[in-house]
Amino acid sequence: MIVITAALLALGGLCGLAATALHLPMPFMLGSLGGAGAAVALGATSVLRDYRFPERFRTLFIGLIGVMIGTQVQPELLTDIGDFTLTLSALAGFVLLAHAGNYLIFHKLGGYRRATAFYAGMPGGLMESLVMGERAGADLPVLTAQQFLRIILVITLLPTGLSLWVGHPVGSAAGAAIMSEPVALMTLPLIVLAALAGLWLGQKLRLPAAQITGPLILAAGLTLSGGVDLHLPFWLIATAQVVIGVSLGLRFTGMTLAMLRRSLGLSLVSVSWMLMLGAGFALVLGQVTGLPFLQLLLAYAPGGVTEMSVIALSLAANPALVSLHHVVRILLTVGFMGLADGRLNLRER
């Protein structure tokens, strides 16, 4: 089992490097997921038939992702909250409307079962949706495909559209990047300890998606205290993405090309709905607050925090505003879905 796990992680790492060379979004997550999925699809099922990816190992790295998200809650972000009270408050309405529309798209148009449609429609929190959806018995390969396609389409279509609009490349295509600071070797044990303590805290408090939210809340609190720097080095973030990507890719057994085409079509409808809704919010809020439409559009686009911030950097469009709104969107999404998870009968039999 250890040999198979090591081989799969090595394959995932190589595929992540290949995806990086191809300038794909979220390369280590997507590359490792694709590599593991290809291993399943190309006949490795005889070797993997009785194999189970080590759950505790996977959970630790999910916790590390939670720590990474928690470190995004910087003190300077909180100092800006007063200036953006209205636009941040309106995010609650955006999340609820976006999710309601997505649920109808996936359940009524796509014919997905309730749990699958519910968690596939979450307009943020990729890992959180997978953790909660798995617990509710959702169709995990379909849910994984839909959530990844949401991210991929938003961070592909929006920069492309904006590049055509402003007349030059934006985001990663413009060569912009958010670089991670070097991390001292002695900080690594603290990062792992924070992940483990957060996992314990989440379970004790019975938080929704405790594997993510426990480490996230703990890391956010420690970051805001100013006494501890828990920023993950790039190689650890990449490793965590490889571990999670491989574990997800192994669950694509039975996923056909026809199912992927169907998922892509539904995702195009879903992403179009969310982008139009976000544009509507940006237009109205821009008139009320005087903030630029472009900044608000980036703040409400349901893509990744990093890529949206990179686009904002390349357009000189206040990346602090964009980052703050995306962190709040993810927290609101996870909070709303966690509350709904405890009150709605979504469990699949």
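As the structure is a computational prediction, the values presented were derived from the model and not from experiment. (Residues numbered from 1 in each chain as written. Predicted model: local features only at pLDDT ≥ 70, side-chain atom pairs only at ≥ 80, totals over all residues. Heavy atoms only, no water.)

**Focus on the confidence of the model for the chain**
Detailed conclusions should not be drawn from predicted coordinates in areas where pLDDT is low. Model confidence for the chain is summarised by a mean pLDDT of 81, while 81% of its residues fall at 70 or above. Put simply, helix α14 (residues 305-314) is where the chain has its lowest mean pLDDT, 63, and helix α5 (residues 85-109) is where it has its highest, 94. (pLDDT = per-residue confidence, 0-100. Helix = DSSP H or I, 4+ residues; strand = E, 2+ residues; numbered from the N terminus.)

**Structural notes on the pattern of salt bridges**
One pass over the structure, following the stated rule, counts 2 salt bridges. Ionic pairing is found between R58 and E134, a salt bridge with its closest N-O pair at 3.6 Å. Taken together, the residues R58 in helix α3 (residues 55-70) and E134 in helix α7 (residues 126-135) connect sequence positions 76 residues apart. For R58, a relative accessible area of 2% corresponds to the buried category. Several salt bridges converge on common partners, so that one network encompasses E55, R58 and E134. (Salt bridge = Lys/Arg side-chain N within 4 Å of Asp/Glu carboxyl O. Buried < 20%, exposed > 50% of the residue type's maximum accessible area, 1.4 Å probe, protein only.)

**A closer look at the environment of I105**
Note that I105 resides in helix α5. As a C-alpha pair, I105 and V269 span 164 residues in sequence and 7.6 Å in three-dimensional space. Among all residues touching I105, those that are not within four sequence positions of it are G110, L266, V269, S270 and W273. (Contact = heavy atoms within 4.5 Å.)

**Here's the deal with the environment of M337**
Mapped onto the elements, M337 comes out in helix α15 (residues 319-343). With a relative accessible area of 3%, M337 lands in the buried category. Note: C-alpha distance between M337 and S129 (208 residues apart in sequence) is 8.4 Å. Here M337 is in contact with H99, F118, M122 and M132, once residues within four sequence places are set aside.

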